[in-house]
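Letter by letter, the chains look like this.
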Amino acid sequence: MIPVSEPLLDGNALSYVEEAVRTGWISSEGRFIAEFERRWADYCGIAHGVAVCNGTVALEVALAALALPPGSEVILPSFTIISCVAAVLRTGCRPVLVDCEPDTWCLDVAEVGRKITDKTRAVMPVHIYGHMADMDPLNELARKFGLAIVEDAAEAHGAEYHGRRAGGIGTMGCFSFYANKIVTTGEGGMVVTDDADLAERARSLRNLCFRPGQRFLHTELGYNFRMTNLQAAIGLAQVERIEDHLARKRRMAALYGERLRGLPGLRLPAERPGVKNVYWMYGIVLDDAVPFDAAALAARLKENGVDSRPFFLGMHEQPVLRDRGLFAGESYPVTERLARRGLYLPSGLGLGEAEIDQVCAAVQRCLA
Ligand SMILES: Cc1ncc(COP(=O)(O)O)c(C=O)c1O
């Protein structure tokens, strides 16, 4: 079976982890935390990085750092992972959904404009599968209405929008470093921001809101969302390798594109002018003319030795959220269609050309 993803733990990963073990710095103190934070923030073109234990809590820390009034509305796409809505709910805010664009699969900024009310305080664009959301018009809306932008760049390490890197454009950027990400720490995440006060708040929230002068006196409830030095050791080695990882992803996408372009019934990932798509995962979408859905295609691919993953099921269709009375009667047709017609193909950093040939031959057979 050709897997959907596997990590590439190359470069200095092993020697840095060995150093952390040898020196005994295995919790959240140690040189690799600060170095990883600095290197990643630098890479994103941003002043501050705050490492946390996964991407889900990075989103929660970012929203908590903004200290939005209870009941504030946060606009985000329905087509995303539940981590985004969970962060909004856990910080006492109300998630307001928008649909996504049919080609980039990222949030529809025109719809964001239509959903802004006097309670809206933030927007959370999610850069889907490696392609960035349309940040210029979003920043324009944010300026006009005084909104914070929390970028979810979990899937878009190194992606660019008119020369600026994902995570480095909004008020705050959030990353996941799960094992399938372009830069991984096994489990891990980071919040990046240019705002020194927000960075300081995120740092404090991550570490139980201990006060610098009076450690065990607390004026705010924080979390233990700390990353370990062991994880940061891997992270630092991964940042050192990011250009190679990005080149591998883009080569993979080029090879898939050459082989799949022109196949009837198939839509391939987009790359808008001025955007660098990093093709974190290579998604395909079945046209309506294809007489079966993505789940059936996935089953056929599996019979052909090719693993795949379904696209997100929209947040407005999630039982756990509907049961809380959220999004009743709401419909997002593009999201609903993508959930049923989209899947992503093997996209691991170690994927070779022969395997891509095999995957494409299987796709062709399954569609025939
Ligand atoms: C867009 C997006 N946001 C957030 C997350 C959450 O990250 P984590 O799995 O590290 O909690 C993911 C996870 O893959 C993701 O794809």
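Please read all numbers here as calculations on a predicted model, not as lab measurements. (Residues numbered from 1 in each chain as written. Predicted model: local features only at pLDDT ≥ 70, side-chain atom pairs only at ≥ 80, totals over all residues. Heavy atoms only, no water.)

K.L.:
Could you give an account of a negative patch on the surface, naming the residues involved and the relevant values?
P.N.:
Residues Asp194, Asp195, Asp197 and Glu200 make up a contiguous surface patch of negative charge. Here Asp197 is to be found in helix α7 (residues 196–206). (Patch = residues over 30% accessible without salt bridge, like charges linked within 9 Å, V, L, I, M, F, W, Y side chains within 5 Å. Areas by Shrake-Rupley, 256 points an atom, 1.4 Å probe, with all protein chains shown as cover. Salt bridge = Lys/Arg side-chain N within 4 Å of Asp/Glu carboxyl O. Lys, Arg positive; Asp, Glu negative; His and termini not counted. Charge placed at Lys NZ, Arg CZ, Asp CG, Glu CD. Helix = DSSP H or I, 4+ residues; strand = E, 2+ residues; numbered from the N terminus.)

K.L.:
A description of the sheet that holds strand β11 (residues 275–276) should follow, citing residues and the corresponding values.
P.N.:
Pairing is antiparallel in the open sheet, where 3 strands are placed in the order β7-β6-β11. Each having just a single partner strand, β7 (164–165) and β11 make up the two edges of the open sheet. (Pairing = 2+ DSSP bridges.)

K.L.:
Help me get a handle on the site of the ligand, residues and values and all.
P.N.:
The immediate surroundings of the ligand are formed by Asn54, Gly55, Thr56, Ile81, Ser83, Val126, Asp152, Ala154, Glu155, Ser176, Lys181 and Gly188. Taking Gly55, its main chain carries an N or O atom lying 2.8 Å from an oxygen atom of the ligand. At a separation of 2.6 Å, an oxygen atom of the ligand approaches a polar side-chain atom of Lys181. Here the residues of the shell around the ligand are counted per class, giving 3 nonpolar, 6 polar and 3 charged. (Near = heavy atom within 4 Å. Polar contact = N/O pair within 3.5 Å; in protein donor to acceptor, adjacent residues only side chain to side chain. Nonpolar A, V, L, I, M, F, W, Y, C, P; charged D, E, K, R; others polar.)

K.L.:
Please provide a residue-by-residue account of the sheet that holds strand β10 (residues 266–267), values included.
P.N.:
Spatially, the 4 strands line up as an open sheet ordered β10-β12-β14-β13, and their pairing is antiparallel. Looking at which strands have only one partner, the edges of the open sheet turn out to be β10 and β13 (309–310). Across 2 bridges, the pairing between β10 and strand β12 (residues 282–286) is antiparallel. Bridge assignment links Leu266 to a residue of β12, and that residue is Leu286.

K.L.:
Kindly report on the pairing of strand β14 (residues 342–345), identifying the contributing residues and their values.
P.N.:
Side chains of β14 alternate between two faces, with Gly342 and Tyr344 and Leu343 and Leu345 buried alike. Pairing analysis gives 2 bridges linking β13 to β14, with the strands arranged antiparallel. Opposite Arg309, over in β14, you have Tyr344 as the bridge partner. (Buried < 20%, exposed > 50% of the residue type's maximum accessible area, 1.4 Å probe, protein only.)

K.L.:
Tell me about the environment of Val150, residues and numbers included.
P.N.:
On the secondary structure map, Val150 appears in strand β5 (residues 148–152). Looking at Val150, the relative accessible area reads 1%, which means it is buried. When neighbours within four sequence positions are excluded, Val150 is seen to be in contact with Ala62, Leu63, Leu66, Val123, Met124, Pro125, Met172 and Cys174. (Contact = heavy atoms within 4.5 Å.)

K.L.:
Can you tell me about the packing of helix α1 (residues 13–23) against helix α8 (residues 229–240), naming the residues and giving the values?
P.N.:
Put simply, α1 and α8 touch, their axes get as near as 8 Å, and they point 155° apart. By the angle between their directions, the pair α1 and α8 is classed as roughly antiparallel. Between α1 and α8 lies a crossing of right-handed hand. Between α1, through Ala13, Tyr16, Val17, Ala20 and Val21, and α8, the contact on the second element is made entirely by Asn229, Leu230, Ala233, Ile234, Leu236, Ala237 and Glu240. Partitioned by chemical class, the residues of the contact of α1 with α8 number 10 nonpolar, 1 polar and 1 charged. (Axes fitted to C-alpha atoms, helices over the stretch in contact; angles between N-to-C directions. Parallel < 35°, antiparallel > 145°, perpendicular 65-115°, else oblique. Left-handed = near helix turned anticlockwise from the far one by under 90°.)

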